[in-house]
Amino acid sequence: MSQQTIVLYTDADFFSPYVMSVFVSLTEKALPFTLNAVDLSAGENLREEFGKLSATRRVPTLIIDDFRLSESSAISEYLEERFPSPEYARIYPQDRQERAKAREIQAWLRSDFMPIRAERPTEVVFAGMRMPLLSDQGQQAAHKLMSGLERLLSDGRKNLFSEWCIADTDLALMLNRLALNGDALPEYLRKYASYQWQRPSVQQWRELSQK
């Protein structure tokens, strides 16, 4: 396969959990890519130049040659289809039902838990910020998250499925919003999130966010 020119547009602070998800996907597949930072706080994503690259004017935005795509889960799914195994590493489970469950978890994390995301921003995860106690809504969201994961992870497994997939990284990020702030979590979820956080591709992103 001929070499592709791949550019990933990221937030300038490297705090975006969604850019992180795509960064990990690219890194796991060992695809060479260039990072271009967009200063969201200055509104650079809203400018006309970026609008020509991304209809949603959000990061992550991925450009492969002349193809442009935004939204993290759409990008990761596209990467899995365009760069399939065995030539490239898998980032989704091989089993069809497990792959569907991985996508379900990704969609759940992106569409729910707004109180956790608001009260435990990624500055907690990447910049060591500490936030006050969760509100009632935040506690309800945390309880919903933990209850939903009990059947999946309470046996102490290290990955959601038989092998790592990108949903593991996305889930660990959500859990670490709580764990790294010192919020109460079942020990099996704390250990799961800690284990996922040691993955080399995740560590590479953490190094960027800490610069």
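Just so we're clear, the structure is a prediction, and the values are computed from it rather than from any experiment. (Residues numbered from 1 in each chain as written. Predicted model: local features only at pLDDT ≥ 70, side-chain atom pairs only at ≥ 80, totals over all residues. Heavy atoms only, no water.)

### Comments concerning the overall build of the protein chain
So, step 1. When you go through the protein chain residue by residue, the secondary structure sums to 10 helices and four strands.
So, step 2. Each helix and strand of the protein chain, placed in order from N terminus to C terminus, yields the pattern β-α-β-α-β-β-α-α-α-α-α-α-α-α.
So, step 3. Its C-alpha atoms give the protein chain a radius of gyration of 17 Å, within 12% of the compact-globule value 17 Å for 211 residues.
So, step 4. With respect to the three principal axes, the spread of C-alpha positions in the protein chain is 45 × 40 × 30 Å.
So, step 5. Burial statistics for the protein chain: of 211 residues in total, 49% are counted as buried.
So, step 6. Expressed as a percentage of contacts within the protein chain between residues at least 6 apart in sequence, the contacts between residues at least 24 apart total 66%.
So, step 7. Looking at the protein chain as shown, the accessible area adds up to about 10,700 Å², and 49% of this sits on carbon and sulfur atoms. (Helix = DSSP H or I, 4+ residues; strand = E, 2+ residues; numbered from the N terminus. Rg over C-alpha atoms; globule rule 2.2 N^0.38 Å. Buried < 20%, exposed > 50% of the residue type's maximum accessible area, 1.4 Å probe, protein only. Contact = heavy atoms within 4.5 Å. Areas by Shrake-Rupley, 256 points an atom, 1.4 Å probe, with all protein chains shown as cover.)

### Quick word on the UniProt feature "domain: GST N-terminal" (unreviewed entry) in the protein chain
So, step 1. What UniProt calls "domain: GST N-terminal" (unreviewed entry) maps, in this numbering, to residues 6-87.
So, step 2. Within residues 6-87, the helical portion is 33% and the strand portion 23%, while the C-alpha atoms at the span's ends are 18 Å from each other. (UniProt positions renumbered as here; feature names shortened; annotations may be inferred.)

### Notes on the pairing of strand β3 (residues 61-64)
Within a regular strand, the side chains alternate between the two sheet faces.
So, step 1. Burial along β3 is two-sided: T61 and I63 facing one way and L62 and I64 facing the other are all buried.
So, step 2. Here strand β1 (residues 6-11) pairs with β3 via four bridges, running antiparallel. From the neighbouring strand, I6 faces β3, where its bridge partner is I64.
So, step 3. Taking the residues that link successive antiparallel strands as the turn, the β3-strand β4 (residues 67-70) hairpin has two residues, and the phi of D65 there is positive, at about 55°. (Pairing = 2+ DSSP bridges.)

### Some thoughts on unusual backbone geometry
So, step 1. Going from V59 to P60, the amide bond is cis rather than trans, its omega being 5°.
So, step 2. Relative to the assigned elements, P60 resides in the loop between α2 (48-51) and β3.
So, step 3. In this structure, P86 follows S85 across a cis peptide bond, with omega equal to 10°.
So, step 4. Tracing the chain through its elements places P86 in the loop between α3 (72-82) and α4 (96-111).
So, step 5. Within the chain, A30 stands out as a residue other than glycine whose phi angle is a positive 55°.
So, step 6. Tracing the sequence through the fold places A30 in the loop between α1 (17-28) and β2 (34-38).
So, step 7. In this structure, E71 takes a positive phi of about 75° despite not being glycine.
So, step 8. Structurally, the position occupied by E71 is in the loop between β4 and α3.
So, step 9. Take E71: its relative accessible area is 32%, and that puts it in the partly exposed class.

### Structural notes on the environment of R90
So, step 1. Its place among the elements puts R90 in the loop between α3 and α4.
So, step 2. When the C-alpha positions of R90 and L79 are compared, they lie 9.6 Å apart, and in sequence the two are 11 residues distant.
So, step 3. With residues up to four places along the chain from it excluded, the contact list for R90 reads K29, E80, S85 and W164.
So, step 4. Polar contacts involving the side chain of R90 include one to the side chain of S85, which spans 3.3 Å.
So, step 5. Polar side-chain contacts of R90 include one of 3.3 Å to the side chain of Q94. (Polar contact = N/O pair within 3.5 Å; in protein donor to acceptor, adjacent residues only side chain to side chain.)

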